[in-house]
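Structural overview for review
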Amino acid sequence: MPATGAAASPASREASGWGPRGTTGTTFASALAFEDIHHAYGAAETLHGVSLAVRPGEILCLLGHSGCGKTTLMRIAAGVEPQSRGRVLINGEEVAGPARFLPPEQRGVGLMFQDYALFPHLTNRENVMFGLTRLSRTAAAEVADQILARVGLGAYAADYPHSLSGGEQQRVALARAIAPRPGILLMDEPFSGLDSRLRDDVREETLAILRETRATCVMVTHDPEEAMRMGDRIALMRSGRLVQHGTAEDLYLRPVNAFAARFFSEVNEFDGIIRGGRVDCPLGVLPFAGSAPLADGTAVHVCLRPDGIRLLPAGEGLPARVISRRFIGTVDLVLLAYPGSDRPLQARLRPGDQVRVGADVGIAVEERDVLVFAKSSPSH
Ligand SMILES: Nc1ncnc2c1ncn2[C@@H]1O[C@H](COP(=O)(O)OP(=O)(O)OP(=O)(O)O)[C@@H](O)[C@H]1O
């Protein structure tokens, strides 16, 4: 039997590493598809026709603000919540829909929720063994110990979850979710309970483990940076609908509307009119990043990322005045006043760029940071 961890405090153990990479064991990844999913809690519809296909072996991050329906979609995939319309398919076969409803335990889906949901009266080993019902007890204990070793907690298999830190409980929950080698792993805000000091390490090791298992993974998050770090693709949701899905570059560089643009960075916003392939806005006539062709005279909503503003000597570019400057570590946040607007422009500049509050400057903008959306399009 492995030794118990009673001697070391959770805090001192947190620094200890994870187990050797490449020892997780692999699974056969499954494809998961949602087809026109509708759902209501009582009278209020929470999902309004979500269609999304997750490819075998990919990590898809489901991103959106609190309450947009991410968890509900996960629960429908797992089979713990029925949809009111639409179908869920695993490897092309209906698991929830008009023709059939497979219970959760027959879907080959692993779950890991935000609160870890470990059983307090079971040891860490017994928690991991919980889903291994097809194996003998001895074989299940062996698998559990191997996976606990992979997450760096082999020595604490006989301890109870309450003696572990939050970060360690997260690792036990991960071990429990992957132990039965599910074809699909559903993770709901798996890192939200961790402090920022631990989160990067846990994210990186979790990613390594997911790659090792090769399971298809849907991970819920409300943090765009986390989605970009973890996801092969991102599906952005708003109020029960899918707004856009694609790679991090697709969503960041080519957002389909202002909501998507705002989700990934702060933006300065103006009204504008298309003129000769450029946009005429209070900052001047600017070139902008790719969008569907827009006819001359189209009224548009313009989003300018603060990172896309460069300062020039006074007399060059567009005239502006520095009204405040705040050092926030990797960048300086600078507010600029410019003619024709009483709303200041926010810029993020490299620290060290010589800007004095009150100085007259010129500004130039990067084309890739000017995003333009027709006002007639939904959620411009
Ligand atoms: N059991 C329930 N009964 C009634 N309404 C619910 C229930 N669970 C969720 N809701 C509502 O359904 C909507 C979608 O909730 P859901 O938990 O799916 O969103 P979410 O995007 O996962 O949010 P969060 O990030 O806060 O978990 C919300 O408006 C929520 O208040």
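All values reported here derive from a predicted model rather than from experimental measurement. Numbering of residues starts from 1 in each chain and follows the order in which that chain's sequence is written. Only residues with pLDDT of at least 70 get local features here, since the model is predicted, and only at 80 or more are side-chain atom pairs given and counted; chain-wide, interface and lining totals rely on the full set of residues.

1. Looking at the overall build of the chain
To be explicit about the condition: A run of DSSP states H or I qualifies as a helix once it reaches four residues; a run of E qualifies as a strand once it reaches two. Both are numbered from the N-terminal end.
When helices and strands are tallied, the chain shows nine helices and 20 strands. Taken along its principal axes, the extent of the C-alpha atoms in the chain is 80 × 55 × 35 Å.

2. With respect to the site of the ligand
Put simply, the rule reads: Contact assignment follows one rule, namely that a residue is near a molecule or strand if its backbone-placed C-beta atom lies within 6 Å of it. Here the nonpolar group is Ala, Val, Leu, Ile, Met, Phe, Trp, Tyr, Cys and Pro; Asp, Glu, Lys and Arg are the charged ones; every other residue, Gly included, is treated as polar.
Around the ligand sit Tyr41, Thr46, Gly64, Ser66, Gly67, Cys68, Gly69, Lys70, Thr71, Thr72 and His222, and those are all the residues in its vicinity. For the shell around the ligand, the class distribution of residues is two nonpolar, eight polar and one charged.

3. Quick word on the pairing of strand 9 (residues 233-238)
Condition: Each pair of strands is called paired provided DSSP finds at least two bridges between the two strands.
As paired strands, strand 3 (residues 59-63) and strand 9 are joined by four bridges and run parallel to one another. Paired with Leu60 across the bridge in strand 9 is Arg233. Pairing analysis gives five bridges linking strand 9 to strand 10 (residues 241-246), with the strands arranged antiparallel. Residue pairing across strands places Leu236 opposite Gln244, the latter belonging to strand 10. Taking the residues between adjacent antiparallel strands as the criterion, strand 9 and strand 10 are bridged by two residues, where Ser239 takes a positive phi near 45°.

4. Observations regarding the pairing of strand 1 (residues 32-41)
Sheet analysis places strand 1 next to strand 4 (residues 85-90), joined by five bridges and oriented antiparallel. Among the inter-strand pairings, His38 is bridged to a residue of strand 4, identified as Arg85. Following strand 1, the chain reverses through two residues before pairing antiparallel with strand 2 (residues 44-54); Gly42 in that reversal takes a positive phi of roughly 65°.

5. Side note on the environment of Arg75
Looking at the element boundaries, Arg75 is found in helix 2 (residues 70-78). Separated by 162 residues in sequence, Arg75 and Met237 have C-alpha atoms that sit 16 Å apart.

6. Digging into the domain arrangement of the chain
Rules: The split into domains, and so the bounds of each, comes from an automatic or database assignment of domains.
In terms of domain boundaries, the chain breaks down into domain 1 (23-253) and domain 2 (267-374). Using only C-alpha atoms to locate each centre, domain 1 and domain 2 end up separated by 40 Å.

7. Structural notes on helix 2
Rule in force here: Residues with at least 20 neighbouring C-beta atoms inside 10 Å of their own are called buried, those with 12 or fewer are called exposed, and the rest are partly exposed, where every C-beta is derived from the backbone.
Most of helix 2 sits inside the fold, with seven of its nine residues counted as buried. All buried positions along helix 2 are accounted for by Lys70, Thr72, Leu73, Met74, Ile76, Ala77 and Ala78. Where helix 2 ends, the next residue or the one after it, Gly79, has phi of about 95°, a positive value.

8. Describing the environment of Ser192
Considering the arrangement of structural elements, one finds Ser192 in the loop between strand 7 (184-188) and helix 6 (196-213). Its 15 C-beta neighbours within 10 Å are what place Ser192 among the partly exposed residues.

9. Observations regarding the nonpolar core
Nonpolar side chains tend toward joint burial in soluble globular proteins. Going by this rule: By our criterion, buried Ala, Val, Leu, Ile, Met, Phe, Trp, Tyr and Cys residues that link up through C-beta atoms within 7 Å make up a nonpolar core. Throughout, a residue-residue contact means that the two C-beta atoms, derived from backbone geometry, are no farther apart than 7 Å.
Leu62, Ala77, Leu186 and Val218 are the most contacted members of the largest nonpolar core, which totals 96 residues. The dominant element in this core, judged by the number of residues it contributes, is helix 5 (residues 166-178), at six residues. Two domains each donate at least three residues to this core, and these are domain 1 (23-253) and domain 2 (267-374). When near neighbours in sequence (up to four residues on either side) are disregarded, Ala77 contacts Leu32, Val88, Val109, Leu186 and Val218.

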